[in-house]
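Below, each chain spelled out in residue letters.
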Amino acid sequence: MSKAISRALARALLLCWLVATWPLVSNAQRLVYRVDLTHAAEHYAAITIQLLDLRPDTLTFQMPVWVPGIYSEFHYGRFIKDLTAYDTAGHELSIKRVKTDRWKIGNATSIGEIRYRIENSASDNTTPLVGIAKIDADGVFANTEALFGYVNDNKDIPATIILTVPKDWLVATTLESASDGDFTDEARFHQLVYKVSDYESLADAPLIVAPGLKTSSFAESGVNYLVVAAGDESFPIDSFAMRARRVVLAETSFYGKVPFREYMFAVYAGSGRAERFGLAHAGSSIFTIAGADWAANGENDEHLIASTFFKTWNGKQFHISALGPVDFALPLSARSLWFNEGLSDYYADLLLVRYGYLTPSAFFDAIDRWEACAESSDHISLETLSERAAKYEPSHCEALRARGALAALLMDIEIRSRTHGQRSLDNVLLRMSSEASSGRTYDDKKFINTIEKFSDTPLDTIYVRYIAGTEPLPVEAYLDKLGAAKELPEAMKSNGQLGLDLALNAAGTAIITATPRDTVVHSPFEKGDTVTAINGERVSERAVAEAKAAARRGEPVKLKVVHNAHAVTVLVPGSPSAKSKALVSAKDRPSQLALRKALLGKRKVKRVKRG
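None of the values given here were measured: they were computed from a predicted structure.

**Points about the overall build of the protein chain**
A count of helices and strands for the protein chain gives 16 helices and 28 strands. The burial tally for the protein chain puts 56% of its 611 residues in the buried class. Across the protein chain, the fraction of contacts at a sequence separation of at least 24, relative to all contacts at a separation of at least 6, is 69%. Summed over all atoms, the accessible surface of the protein chain reaches about 25400 Å², with 49% contributed by carbon and sulfur.

Right, here's the structure in full:
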């Protein structure tokens with residue numbers, strides 16, 4: 001055993017002794033959570049809460065109702081078993097369960113402790129795995145609000161957490177060690193005693209305890225970033241760390257400062273249930289990713305890292321009042337969650353493009369995906385989708401992010417156009433970030449007014465029609481302003497030939513073997529792409545001939561093209577207007593170039609300050 005680990009264990013033993021003697025010397029309310037994880041193989045953890053200097057006539061114990069960061073109503077109390085309470089003399093007290101997540105304890109003036117078991121909730125599919133507690137022989141992967149409750153609706157009581165873990169298991173968490181001094185990376189994984197100032201600090205942390213952890217790290221602008229992975233031993237953690245570092249460089253360069261001293265990326269690389277999902281905390285983010293899928297889905301996983309890390313600011317630093325201080329006892333209902341989710345998705349790819357880690361075409365590919373995903377919820381307003389987040393439904397969750405990202409795109413282009421480039425959505429976020437230190441939150445019902453105020457732009461039409469209303473988002477009309485709508489170049493429409501050379505194959509598809517030279521900033525397709533349908537029919541010689549004849553008659557032709565592994569539907573207009581012709585000409589207008597450069601132009605990565 002190394003000297004660093006020996007010192008850490010000695011400090012832990014000393015602290016355990018001090019905690020045991022606190023009732024004799026303490027005169028301030030305090031909680032001590034003792035967490036026994038030695039039964040993980042039996043799918044539960046045993047928890048004892050000591051209550052120091054709390055002497056109420058009656059006492060309530062509350063587990064969270066909903067999952068912060070996911071918003072779904074989950075009722076963690078369902079997984080509490082054998083809850084009992086005892087006075088300081090060891091006599092059992094009466095307990096009444098008044099709600100799924102709430103208990104009332106009588107005659108509590110001399111209460112000593114509460115005991116309960118928390119069972120593995122990983123088999124429950126009513127919320128993503130990332131938000132609950134996986135407890136089994138392979139280890140514990142949990143958000144701490146899945147394990148701990150609070151008393152008397154008082155979330156301001158400081159607490160100490162003492163862990164008992166199986167031999168040789170390691171601990172990874174962002175909870176603050178109760179021991180003084182800095183630790184080596186090796187020693188930190190052997191810490192067993194932690195302290196928090198209040199319940200929200202306790203709930204805003206991951207807890208990973210496992211027989212083996214893969215680790216990687218990097219440093220930027222004086223901040224250490226730790227990457228920890230449990231689960232699949234073959235998970236390529238260094239590849240994850242490389243992508244995480246690119247995200248950190250882009251997003252901290254955008255905000256200009258980092259609101260933490262150190263940061264942890266925690267990953268459960270599952271071989272079973274492991275939805276691709278991320279959850280942001282103030283000083284960490286946690287992910288569930290199918291370990292075997294990383295090589296094939298690295299780009300999608302980078303987007304997940306980026307959108308989750310962005311919520312370190314958009315959702316944690318600044319947010320609507322419903323998201324902090326958090327009321328864990330009532331389900332969340334807020335109509336502006338599209339802002340947290342959608343803008344984080346919008347900026348995830350946008351900033352990686354701006355800082356040179358993705359090409360502009362990747363951003364427009366993302367727009368195509370958002371449009372395809374948004375189609376499933378066109379009949380539901382964005383605000384309604386936000387309010388429905390309390391009932392977790394994967395398709396609604398994806399649509400909320402996709403429609404929110406498209407709404408962000410529209411607002412950003414609208415603001416830039418109306419203010420002649422003097423304002424943008426960037427200004428809105430940066431102002432919110434600058435005001436975060438004052439503790440300011442925003443009114444959910446009047447949130448659009450805040451965006452208007454910070455951008456100096458009236459957005460009532462976009463709000464009424466596309467956010468509060470259900471009109472289809474006019475994405476192509478706004479992309480026209482960038483010279484990037486999915487109109488085809490003129491040569492693709494000339495002489496009814498579509499401007500494409502298609503090579504039919506035996507699979508019933510066609511390979512694009514040549515494309516015209518004149519194109520727009522975001523070509524809908526490229527040489528080597530596959531055409532899988534023409535006007536809704538399978539590709540065939542007849543379908544190609546009929547499409548050419550339709551084009552000669554001035555009728556539109558719809559192509560379904562697989563571009564960069566994503567299906568894109570492209571409409572070849574039959575008789576484009578003069579305006580459309582101008583937008584798709586080989587030479588963009590100065591206003592299009594200026595707007596496109598302002599939105600997507602490359603920035604320099606910069607070193608940032610902490611604070």
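**Looking at the pairing of strand β17 (residues 223-231)**
In terms of burial, β17 is largely enclosed, as seven of its nine residues are buried. Pairing between strand β16 (residues 214-220) and β17: seven bridges, direction antiparallel. Looking across to β17, one finds that Ser216 is bridged to Val227. Hairpin connection, β16 to β17: the antiparallel pair is bridged by two residues, and Ser221 has positive phi, about 50°. As paired strands, β17 and strand β19 (residues 262-270) are joined by eight bridges and run parallel to one another. Each residue of the ladder has a partner; that of Tyr225, found in β19, is Tyr263.

**Here we look at the environment of Ser344**
Structurally, Ser344 is set in helix α6 (residues 337-354). Ser344 sits 32 residues away from Thr312 along the chain, and the two C-alpha atoms are 9.8 Å apart. Those residues in contact with Ser344 that lie beyond four places of it in its chain are Ser307, Phe310, Lys311, Asn314 and Phe339.

**Some thoughts on the packing of α6 against helix α7 (residues 360-374)**
Interhelical geometry of α6 versus α7 gives an angle of 165° and a closest axis separation of 8 Å. In terms of orientation, α6 and α7 fall into the roughly antiparallel class. Crossing angle aside, the handedness with which α6 passes α7 is right-handed. Along the contact surface, α6 presents Asp345, Tyr346, Asp349, Leu350 and Val353, while α7 presents Pro360, Phe363, Ala366, Arg369 and Trp370. Looking at side-chain class alone, the contact of α6 with α7 contains seven nonpolar, no polar and three charged residues.

**Quick word on the side chain of Glu414**
By the element assignment, Glu414 lies in helix α9 (residues 394-418). Taking relative accessible area as the criterion, Glu414 reaches 10% and is therefore assigned buried. Filtering out sequence-adjacent residues up to four positions away, Glu414 remains in contact with Thr457, Leu459, Ile462, Tyr478 and Lys481.

**So, the side chain of Asp426**
You can see Asp426 is positioned in helix α10 (residues 425-435). Contact partners of Asp426, with chain neighbours within four places excluded, come to Phe254, Tyr347, Arg354, Arg416 and Arg603.

**Describing the confidence of the model for the protein chain**
Of all residues in the protein chain, 83% have pLDDT values of 70 or greater, and the mean over the chain is 85. Here residues 17-26 is modelled with pLDDT under 50, and outside its nearest four sequence neighbours on either side it reaches 12 contacts, counting other chains as well. In this model, residues 491-497 is a region of pLDDT below 50 whose contacts with residues beyond four sequence positions or in other chains number 23 contacts.

**Section: the sheet that holds strand β1 (residues 30-36)**
In space, the seven strands of this open sheet follow the order β4-β7-β2-β1-β11-β14-β13, with mixed pairing throughout. The sheet is open, and its two borders are formed by β4 (80-87) and β13 (176-177), each paired with just one other strand.

**A short note on the packing of aromatic side chains**
Counted according to the given criterion, the structure contains 39 aromatic pairs. Both rings, one in Phe310 and one in Tyr347, keep their centres 5.3 Å apart while their planes meet at 5°; by these two values the pair is stacked. Within this pair, whereas Phe310 is found in helix α5 (residues 298-310), its partner Tyr347 is found in helix α6, the two being separated by 37 residues in sequence. Each member of the pair, Phe310 together with Tyr347, is buried. Against the face of Phe74 rests Arg78, its NZ or CZ located 4.8 Å from the ring centre.

**Here's the deal with the sheet that holds strand β20 (residues 277-280)**
Hydrogen bonds between backbone groups are what pair the strands of a sheet, and the pairing can be parallel or antiparallel. Judged by pairing direction, the sheet is mixed, and its five strands sit side by side in the order β16-β17-β19-β21-β20 without closing on themselves. The sheet is open, and its two borders are formed by β16 and β20, each paired with just one other strand. Ignoring which end each strand starts from, the neighbouring axes of this sheet average 15° apart. Of the strand pairs in this sheet, β20 and strand β21 (residues 284-290) are connected by four bridges, and their pairing is antiparallel. By the bridge assignment, Phe277 is partnered in β21 with Thr288.

Parameters at a glance
Residues numbered from 1 in each chain as written. Predicted model: local features only at pLDDT ≥ 70, side-chain atom pairs only at ≥ 80, totals over all residues. Heavy atoms only, no water. Helix = DSSP H or I, 4+ residues; strand = E, 2+ residues; numbered from the N terminus. Buried < 20%, exposed > 50% of the residue type's maximum accessible area, 1.4 Å probe, protein only. Contact = heavy atoms within 4.5 Å. Areas by Shrake-Rupley, 256 points an atom, 1.4 Å probe, with all protein chains shown as cover. Pairing = 2+ DSSP bridges. Axes fitted to C-alpha atoms, helices over the stretch in contact; angles between N-to-C directions. Parallel < 35°, antiparallel > 145°, perpendicular 65-115°, else oblique. Left-handed = near helix turned anticlockwise from the far one by under 90°. Nonpolar A, V, L, I, M, F, W, Y, C, P; charged D, E, K, R; others polar. pLDDT = per-residue confidence, 0-100. Phe/Tyr/Trp six-rings, centres within 6.5 Å; stacked < 30°, edge-to-face > 60°. Lys NZ or Arg CZ within 6 Å of the ring centre and 35° of its normal.

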